[in-house]
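Residues per chain, in single letters:
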Amino acid sequence: MTGQELLGLFSKAHRRSHVIGTSENGIIAALDLEGRLFAVVNGRVLNRVVPSAIVNRSNKHAYLNPGGDALWPAPEGTCFGYEYGTGKWRVPPEITGAVWDVAEQSENHSVIRSEIDLVNNHQLGIPCEFERHIKVEQSKNSLIQKVTETIRYIGVKTLRKGEFLLAPWSLCQFDVGIGSKVIMLPPSAGDIWDMYESSQSQRGISEGKYIVKAETDFRFQLGLGENVPWIEYINGNDFRVKRHAGILPPGQIYIDIADAPPEQLPTNNGVKLSIYCDPSGFMEIEACGGCPDILEPCTEISATITTEYITVADERF
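Residues numbered from 1 in each chain as written. Predicted model: local features only at pLDDT ≥ 70, side-chain atom pairs only at ≥ 80, totals over all residues. Heavy atoms only, no water.

**Describing the environment of Ala 74**
Residue placement: Ala 74 occurs in strand β5 (residues 69-74). For the pair formed by Ala 74 and Ala 167, sequence separation is 93 residues and the distance between their alpha carbons is 5.0 Å. (Helix = DSSP H or I, 4+ residues; strand = E, 2+ residues; numbered from the N terminus.)

**A few points about helix α1 (residues 3-12)**
Listed in full, the buried residues belonging to α1 are Gly 3, Leu 6, Leu 7, Leu 9 and Phe 10. Seen along its axis, α1 keeps its buried residues to an arc of 155°; they face one direction. Turned more than 90 degrees away from the buried face of α1, the exposed residues are Ser 11 and Lys 12. Immediately downstream of α1, the backbone of His 14 shows phi near 60°, a positive value. (Buried < 20%, exposed > 50% of the residue type's maximum accessible area, 1.4 Å probe, protein only. Arc of directions from axis to C-beta.)

**Digging into the pairing of strand β18 (residues 239-245)**
Across the 7 residues of β18, 5 count as buried, placing the element largely inside the fold. Taken together, the 5 bridges between strand β17 (residues 231-235) and β18 define a ladder with antiparallel strand orientation. Bridge pairing in β18 places Ile 231 opposite Arg 243. Of the strand pairs in this sheet, β18 and strand β22 (residues 300-311) are connected by 7 bridges, and their pairing is antiparallel. Across the sheet, the residue bridging to Val 241 is Tyr 309, located in β22. (Pairing = 2+ DSSP bridges.)

**Notes on the environment of Thr 96**
On the secondary structure map, Thr 96 appears in helix α3 (residues 93-96). Judged by its relative accessible area of 22%, Thr 96 is partly exposed. Considering only alpha carbons, one finds Thr 96 and Ser 302, 206 residues apart in sequence, at a separation of 21 Å. Not counting chain neighbours up to four residues away, the residues in contact with Thr 96 comprise Glu 34, Ser 58, Tyr 63 and Val 91. (Contact = heavy atoms within 4.5 Å.)

**Points about the packing of aromatic side chains**
Under the defined criterion, the tally for this structure stands at 10 aromatic pairs. Ring geometry for Tyr 233 and Phe 239: centres 6.4 Å apart, planes at 70°, overall edge-to-face. Given a relative accessible area of 3%, Phe 239 falls into the buried group. Each residue in the set Tyr 63, Trp 72, Trp 89 and Trp 169 is aromatic and connected to the rest through ring pairs, giving one cluster. Sitting over the face of the ring of Phe 282, Arg 48 holds its NZ or CZ atom 4.3 Å from the ring centroid. Taking the ring centre of Trp 230 as reference, the NZ or CZ of Lys 242 above it sits at 4.3 Å. (Phe/Tyr/Trp six-rings, centres within 6.5 Å; stacked < 30°, edge-to-face > 60°. Lys NZ or Arg CZ within 6 Å of the ring centre and 35° of its normal.)

**Focus: the side chain of Thr 150**
Along the polypeptide, Thr 150 turns up in strand β9 (residues 142-153). Owing to a relative accessible area of 5%, Thr 150 belongs among the buried residues under this scheme. Not counting chain neighbours up to four residues away, the residues in contact with Thr 150 comprise Leu 71, Glu 129, Phe 130, Glu 131, His 133, Glu 300, Ile 301 and Ser 302.

**Description of the pairing of β22**
Counting buried positions along β22 gives 10 out of 12 residues, so the element sits mostly inside the fold. Of the strand pairs in this sheet, β9 and β22 are connected by 11 bridges, and their pairing is antiparallel. Bridged to Leu 143 within β22 is Tyr 309.

**Remarks on the side chain of Thr 216**
Along the polypeptide, Thr 216 turns up in the loop between β15 (209-213) and β16 (220-224). Assessed through its relative accessible area of 12%, Thr 216 is described here as buried. At 2.7 Å, the side chain of Thr 216 forms a polar contact with the backbone oxygen of Phe 218. (Polar contact = N/O pair within 3.5 Å; in protein donor to acceptor, adjacent residues only side chain to side chain.)

**Notes on the nonpolar core**
In this structure, Ile 126, Leu 166, Ile 275 and Met 283 are the most contacted members of the largest nonpolar core, which totals 77 residues. The next biggest cluster of nonpolar side chains, apart from the first, holds 13 residues, and it includes Ala 13, Ala 30, Val 40 and Val 49. (Core = buried A, V, L, I, M, F, W, Y, C linked by side-chain atoms within 4.5 Å.)

**Considering the sheet that holds β18**
Pairing within the open sheet is antiparallel, and its 10 strands lie in the order β6-β7-β8-β9-β22-β18-β17-β12-β15-β14. Edge strands, defined here as strands with exactly one partner in the open sheet, are β6 (101-105) and β14 (203-206). Taking the axes of each pair of neighbouring strands and ignoring which way they run, one obtains an average angle of 25° across the sheet. Here β14 runs beside β15; their pairing, made up of 4 bridges, is antiparallel. Residue Ser 206 lies in a different strand from β15, and its bridge partner there is Lys 209. (Axes fitted to C-alpha atoms, helices over the stretch in contact; angles between N-to-C directions.)

So this is what it looks like as structure tokens:
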């Protein structure tokens, strides 16, 4: 799909959008689709796009996943997560129906913002503002997307450790094809673990790199600890995407983001990066920020995440 075709799809679906850079080489922000970002290089959208999830709307019966790169609150499950407020997994309407607006903009930089009142699995309400500070650097066959993901607590009550967990969590989606994989430097045993069933059959070391095969007939997700510097998705012989997260602000630590039952306590496995692969034919390279011990009014939780898109025509491929 081209950038112009994606903009046309948003227009047909009556969804607002905003372009950082250009529609040929830049980022298209879907303001009425969770503030999701879609990278375009040489006219082509590289992120996963699901047209039916753009034209139609999520509701209580089904969540429609449009693709792109989303900012969600972590954790997903456990007693402090945000996806089990009704007892069953769902993406809450505070996220799917959020109204994102452009707060600042220049030629290659924009800030988009939305108010999102979270309710965790303890039924505790946490009023927030979500912001995505997006900067784009372009070259002939590649694009660097640098996003500072910020969640600002705007409640009036101070929340303390043991009452909440909250961290910014960026999920960047792609379609999976034959030969698709993720590579990284070999992690230590304590810096990689399965969040669901074992994925040992999907991963191993080759030529000094740790390889994770993205094409799969079962769902799996890998948590990666703070010593893993980067992960890189390779879409066959077509394009590659390298992702890393900056240093956490003082006083914030990585947390367990797992999709665990809401009656469970979180583990001590702090996730910096993550790889999710789904048998339906898509995958995510994810990056997380940290969580403070205390949420006071106006506390900001942030993570700066750099994502480099490189196409096959780039000599670095």
